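Observations on chain architecture
Listed below are the residues making up each chain.
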Amino acid sequence: MEDKNGADKVSRTSQSDAGPAMPGLPEGYDGVSVAKGLLRSIRAGGLGTLSLAGGFPFTSLVNVATDYDGQPILLMSGLSAHTKNLAQDDRASLLLVQTGKGDPLAHPRLTLVGHCQRVTEPEIRARLRARFLARHPKSALYVDFPDFGFFLLKITSAHLNGGFAKAADYTGSNIVTDLSQAGELIEIEPQALAHMNEDHPQSIRLYATKLAGEKD
């Protein structure tokens, strides 16, 4: 995918999921997996838009969920400055940061660049609504206010900084997930989640604590 400004042309050699280590990354460091992990796990980020007042960069805090393929889902009010900015120019960036002890710059962060557009198709909006509320249930208090809408950030490029001496650039296709063979899995997702929640809570606890690193 390429935008009108060629934003998906990265300054370093791109890496596919199965590709070799990139310049800027140490041997054995899987930058694509780290980037995808940040994309799927970070719940809020800094949204950068172009200000109506002179086109200066304007950054605000937004809650983030992801669509099936990993494209960021944002729920935003039409009254907010960043939404008004996007109505004029849909180019945007989104910074996702992993926090922790010590120097903040020692932790990985991911900058996504692309086009952020409001979704109006009822079927797609219903899907985004369900996925966003699953990640941010408290947003149910205002999700249906008439001035709120769902936006998708179509990723054209991404920059990963995994900490000291761990930096790489990717195209959007490196970061989003190919769903061409996932139709059946997507269809049964609600039943699969319900089954795991109801019948296998101990397994879910292990997934969360051992695989995802969450606290018990």
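So, a few notes on the structure that sits alongside this text. Every value quoted in this text rests on a predicted model; they were computed, and no experiment measured them.

**A closer look at the overall build of the protein**
Within the protein one finds 7 helices and 8 strands. Every one of the 216 residues in the protein was classed for burial, and the buried ones make up 38%. By element, 57% of the accessible surface of the protein is carried by carbon and sulfur atoms, the whole surface being about 12,400 Å².

**Considerations on the nonpolar core**
Leu74, Met76, Leu94, Leu110, Leu112 and Cys116 are the most contacted members of the largest nonpolar core, which has 28 residues in total. Sorting elements by how many residues they give to this core places strand S7 (residues 148-161) first, with 5 residues. Beyond its immediate chain neighbours, meaning those up to four positions away, Leu94 contacts Gly45, Gly46, Leu47, Val62, Val64, Pro72, Leu110, Thr111, Leu112 and Leu153. One finds Ala65, Ile73, Leu133 and Val143 within the second-largest nonpolar core, a separate group that totals 11 residues.

**Structural notes on the pattern of salt bridges**
This structure, assessed with the given rule, holds 4 salt bridges. Between Asp67 and Arg127 there is a salt bridge whose closest N-O contact spans 2.6 Å. One end of the pair, Asp67, is in the loop between strand S3 (65-66) and strand S4 (72-77); the other, Arg127, is in helix H3 (residues 122-135), and 60 residues separate them in sequence. Across the pair Asp89 and Arg91 runs a salt bridge whose closest N-O atoms are separated by 2.8 Å. The exposure class assigned to Arg91 is partly exposed, which follows from its relative accessible area of 31%.

**A closer look at a nonpolar patch on the surface**
A cluster of nonpolar side chains, contributed by Leu206, Tyr207 and Leu211, occupies part of the molecular surface with about 340 Å² of accessible area. With respect to the helices, strands and loops of the structure, Tyr207 is situated in helix H7 (residues 201-211). A relative accessible area of 45% places Tyr207 in the partly exposed class.

**Quick look at the packing of helix H6 (residues 189-199) against H7**
Two quantities define a packed helix pair, namely the angle between the axes and the distance from one axis to the other. Direction vectors running N to C along H6 and H7 enclose 100°, while the axes themselves pass 5 Å from each other. Considered as vectors, H6 and H7 are oriented roughly perpendicular to each other. In contact with Met196, Asn197, Glu198 and Asp199 of H6, H7 contributes Pro201, Ser203, Ile204 and Tyr207. In the contact of H6 with H7, the residues fall into 4 nonpolar, 2 polar and 2 charged.

**Describing the pairing of strand S6 (residues 109-118)**
For strand S5 (residues 91-97) and S6, the ladder comprises 7 bridges, and the chain directions are antiparallel. Bridging from a neighbouring strand, Leu95 pairs with Thr111 of S6. Note that S6 and S7 share 10 bridges and pair antiparallel. Bridging across to S7, His115 finds its partner in Lys154.

**Some points on unusual backbone geometry**
At Ala165, a residue that is not glycine, the phi angle is positive and equals roughly 60°. One can find Ala165 in the loop between S7 and strand S8 (167-171).

**Observations concerning the packing of aromatic side chains**
For the coordinates displayed, the defined rule picks out 3 aromatic pairs. Seen from their ring centres, Phe132 and Phe150 are 5.8 Å apart, and the 65° between their planes marks the pair as edge-to-face. Pair noted here: Phe132 is in helix H3 and Phe150 is in strand S7, with a separation of 18 residues, a long-range link. Both residues of the pair, Phe132 and Phe150, belong to the buried class. Members of the aromatic cluster, connected to one another through ring pairs, are Tyr142, Phe145 and Phe148. Over the ring of Tyr68 we find Arg131, and its NZ or CZ is 4.4 Å from the ring centre.

**Here's the deal with helix H1 (residues 31-41)**
For H1, the complete set of buried residues consists of Gly31, Val32, Ala35, Leu38 and Leu39. End-on view of H1: buried residues confined to an arc of 130°, all on one side of the axis.

**Remarks on the environment of Gly37**
Summarising the element assignment, Gly37 is placed in helix H1. For the pair Gly37 and Ala212, spaced 175 residues apart in sequence, the C-alpha separation works out to 9.2 Å.

Criteria and cut-off values
Numbers given for residues are sequential positions, taken from 1 along each chain in its written order. The model is predicted, so local features are restricted to residues of pLDDT at least 70 and side-chain atom pairs to those at 80 or more, both for listing and for counting; the totals for chains, interfaces and linings are taken over all residues. As a rule here, side-chain values come from all non-hydrogen atoms in the structure, and water together with hydrogens is ignored. Runs of E in the DSSP output that reach at least two residues are strands. Runs of H or I that reach at least four are helices, and both are numbered from the N terminus. Buried, partly exposed and exposed residues are distinguished by accessible area as a fraction of the type maximum, computed with a 1.4 Å probe on protein chains only: under 20%, between the cut-offs, and over 50%, respectively. Under the convention used here, a 1.4 Å probe and the Shrake-Rupley method define accessible areas, while residue burial counts only the protein chains that appear. Here, nonpolar core means buried Ala, Val, Leu, Ile, Met, Phe, Trp, Tyr and Cys residues that are tied together by side-chain atoms lying within 4.5 Å of each other. Residue contacts are counted whenever heavy atoms from the two residues lie within 4.5 Å of one another. Note on definitions: salt bridges are taken to be side-chain nitrogens of Lys or Arg within 4 Å of carboxyl oxygens of Asp or Glu. For patches, a residue must show more than 30% relative accessible area and have no salt bridge; joins then use 9 Å for like charges and 5 Å for nonpolar side chains, namely Val, Leu, Ile, Met, Phe, Trp and Tyr. Axis lines are fitted to C-alpha atoms, over the contacting stretch for helices. Their N-to-C directions set the angle, which ranges from 0 to 180 degrees. Reported orientations rely on four angle classes, namely roughly parallel under 35 degrees, roughly antiparallel over 145, roughly perpendicular from 65 to 115, and oblique for the rest. Each residue gets one of three labels, nonpolar for Ala, Val, Leu, Ile, Met, Phe, Trp, Tyr, Cys and Pro, charged for Asp, Glu, Lys and Arg, and polar for the others, Gly among them. We treat two strands as partners when DSSP finds at least two bridges between them. Whether two aromatic rings pair depends on their centres lying within 6.5 Å, for rings of Phe, Tyr and Trp, where Trp uses its six-membered ring; planes under 30 degrees apart make the pair stacked, over 60 edge-to-face, and the rest tilted. Whether a charge sits over a ring comes down to the Lys NZ or Arg CZ being within 6 Å of the ring centre and within 35 degrees of the ring normal. Here, the arc refers to the directions that run from the helix axis to the C-beta atoms.

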